[in-house]
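# Commentary on secondary and tertiary structure
One letter stands for each residue in the lines below.
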Amino acid sequence: MARAAAPRASARGSGCAIRALQRPSHPQLNESKKGPHVPPHVQRQQATQILAADIGRLLQQTLQRFAASESEAPQLWVDAAAPPIAPARLARMHPGGRKAQQQAEQLYLRCLSQYRQSVRPQDLRRGQDDVAAALAFFVAASCRAHQGVEVEAAALRAVERQMGRILCLSERWHGAELTEKQCYVEQSAVLGVLMADSWTQARPAGGAAVSNVRRAARSYLGQLVGLDPARITLGPQGLALRDAITH
């Protein structure tokens, strides 16, 4: 089974990542609209949010009930969308005018390309994305950015196994349309690279730069997988609830 690299290196070509997080213009994944008419792109994003909520619920239940297992989880593959879906969706949720959204879309396209070329080149060769690997990379990169600790390869492999089992249990995942699965995987990859790159740039600067990245990491973990990073730890056995460790 091919493994993703631990999220250490920054994403080449996405040097404006930290600047995107330093101002209140990074995308809010939970977009909602009230009224009789909901635009199609909002409907699609809401479908992704429902999927994320189900995965988050299962993840919380799994961490509360079961210890991490070293047995392999089934790999789940999704055909890579052509063209990609998530960069444009994420860009549409940016405040500002069309030019700002176009710049944001290009940033997210670079992040996705960096993920596929440098983090998971084995997936790129087969034209599919390993869903658990993308989700694990996002979680690991976000925990690293929020907690300021390095993520070793063993920890990333353990999170992959956890994500694989949770995805297998999710009825929402199995019932989702292909485009929603593709978008969810792409969002995980894009935001994982964004977090990895932003933390690499923020760490030497310290101060407000680190605070902004930590705030973004906490927000994305909550929105994409329903996790509060203050309540979890990430170690060689994967994710665990702090409450479970202290009792």
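Here is a short report on the structure shown in this document. Just so we're clear, the structure is a prediction, and the values are computed from it rather than from any experiment.

## Some points on the overall build of the protein chain
When its secondary structure is counted, the protein chain shows 11 helices and 4 strands. Put simply, the protein chain has 247 residues, and 52% of those count as buried. Accessible surface for the protein chain amounts to roughly 11200 Å². Of this, 52% is attributable to carbon and sulfur atoms.

## Details of the pairing of strand β4 (residues 238–241)
Strand residues, when the strand is regular, have side chains that alternate between the two faces of the sheet. Where strand β3 (residues 232–235) lies against β4, 4 bridges are found, and the strand directions are antiparallel. Considered in β4, the bridge of Ile-232 is made with Leu-241.

## Let's talk about the environment of Trp-77
As for its placement among the helices and strands, Trp-77 is situated in strand β1 (residues 77–79). According to the relative accessible area criterion, Trp-77 is partly exposed, its value standing at 26%. Residues Trp-77 and Asp-129, 52 residues apart in the sequence, show an inter-C-alpha distance of 5.6 Å. Residues within four places of Trp-77 in sequence aside, it is in contact with Asp-123, Arg-126, Gln-128, Asp-129, Asp-130 and Val-131.

## Overview of the environment of Glu-171
Counting through the fold element by element, Glu-171 comes out in helix α8 (residues 171–175). Between the alpha carbons of Glu-171 and Asp-54 there is a distance of 8.2 Å; along the sequence they are 117 residues apart.

## Observations concerning the packing of helix α9 (residues 178–205) against helix α10 (residues 207–225)
The contact between α9 and α10 brings their axes to 8 Å, and the two run at 160°. Considering their axes alone, α9 and α10 lie roughly antiparallel with respect to each other. In this structure, α9 crosses over α10, and the sense of that crossing is left-handed. Taking contact as the criterion, the partners of Tyr-184, Gln-187, Ser-188, Leu-191, Leu-194, Met-195, Ser-198, Trp-199, Ala-202, Arg-203 and Ala-205 in α9 are, on α10, Gly-207, Ala-209, Val-210, Val-213, Ala-216, Ala-217, Tyr-220, Leu-224 and Val-225. Each residue belonging to the contact of α9 with α10 can be placed in one class, and the counts come to 15 nonpolar, 4 polar and 1 charged.

## Observations concerning the packing of aromatic side chains
All chains considered together, the criterion is met by 2 aromatic pairs. Arranged with centres 5.6 Å apart and planes meeting at 55°, the rings of Tyr-115 and Phe-137 form a pair that is tilted. Residue Tyr-115 is found in helix α4 (residues 98–119), and its partner Phe-137 is found in helix α6 (residues 131–147); the two are separated by 22 residues along the sequence. Per residue, the accessibility class of Tyr-115 equals that of Phe-137, and both read buried. Taking the ring centre of Trp-77 as reference, the NZ or CZ of Arg-126 above it sits at 3.7 Å.

## Regarding the environment of Val-131
The residue Val-131 is located in helix α6 in this model. Residues contacting Val-131, with those up to four places away along its chain left out, are Leu-76, Trp-77, Val-78, Leu-167, Trp-173 and Val-185.

## Focus: the nonpolar core
In terms of nonpolar packing, the biggest core is built from 63 residues, with Met-163, Trp-173, Tyr-184, Val-225 and Leu-239 touching the most fellow members. Ranked by residue count, the leading element in this core is α6, at 13 residues. When residues no more than four places from it in sequence are discounted, the contact partners of Val-225 are Ala-52, Gly-56, Leu-59, Leu-135, Phe-138, Val-139, Tyr-184 and Tyr-220.

Procedures and definitions
Sequence order as written defines the numbering, with residues in each chain counted from 1. Local features in this predicted model are restricted to residues whose pLDDT is 70 or higher, and side-chain atom pairs enter the listing and the counts only when it is 80 or higher, whereas totals over whole chains, interfaces and linings include all residues. Excluded from the side-chain calculations are hydrogens and water; all other atoms, namely the structure's heavy atoms, are used. A run of H or I in DSSP counts as a helix once it spans at least four residues, and a run of E counts as a strand once it spans at least two, with each numbered from the N terminus. Exposure classes here rest on a 1.4 Å probe applied to the protein chains alone. A residue is buried below 20% of its type maximum, exposed above 50%, and partly exposed in between. Areas reported as accessible are Shrake-Rupley estimates using a 1.4 Å probe. Residue values count occlusion only from the protein chains shown. Any two strands between which DSSP finds at least two bridges are classified as paired. Whether two residues are in contact is decided by their heavy atoms, any of which lying within 4.5 Å being enough. A fitted line through C-alpha atoms represents every axis, and for helices the fit uses only the stretch in contact; the resulting angles, taken between N-to-C directions, go from 0 to 180 degrees. For classification purposes, angles smaller than 35 degrees are called roughly parallel, those larger than 145 roughly antiparallel, those between 65 and 115 roughly perpendicular, and all remaining angles oblique. The sense of a crossing depends on the near helix, which, turned anticlockwise from the far helix by less than a right angle, makes the crossing left-handed and, turned clockwise, makes it right-handed. When residues are sorted by character, Ala, Val, Leu, Ile, Met, Phe, Trp, Tyr, Cys and Pro go into the nonpolar class, Asp, Glu, Lys and Arg into the charged class, and all the rest, Gly among them, into the polar class. Any Phe, Tyr or Trp ring, taking Trp's six-membered ring, that has another such ring centre within 6.5 Å forms a pair; planes under 30 degrees apart are called stacked, those over 60 apart edge-to-face, and the others tilted. Consider the ring centre and the ring normal. A charge sits over the ring if Lys NZ or Arg CZ is within 6 Å of that centre and within 35 degrees of that normal. By nonpolar core we mean a set of buried residues, namely Ala, Val, Leu, Ile, Met, Phe, Trp, Tyr and Cys, connected to one another through side-chain atoms within 4.5 Å.

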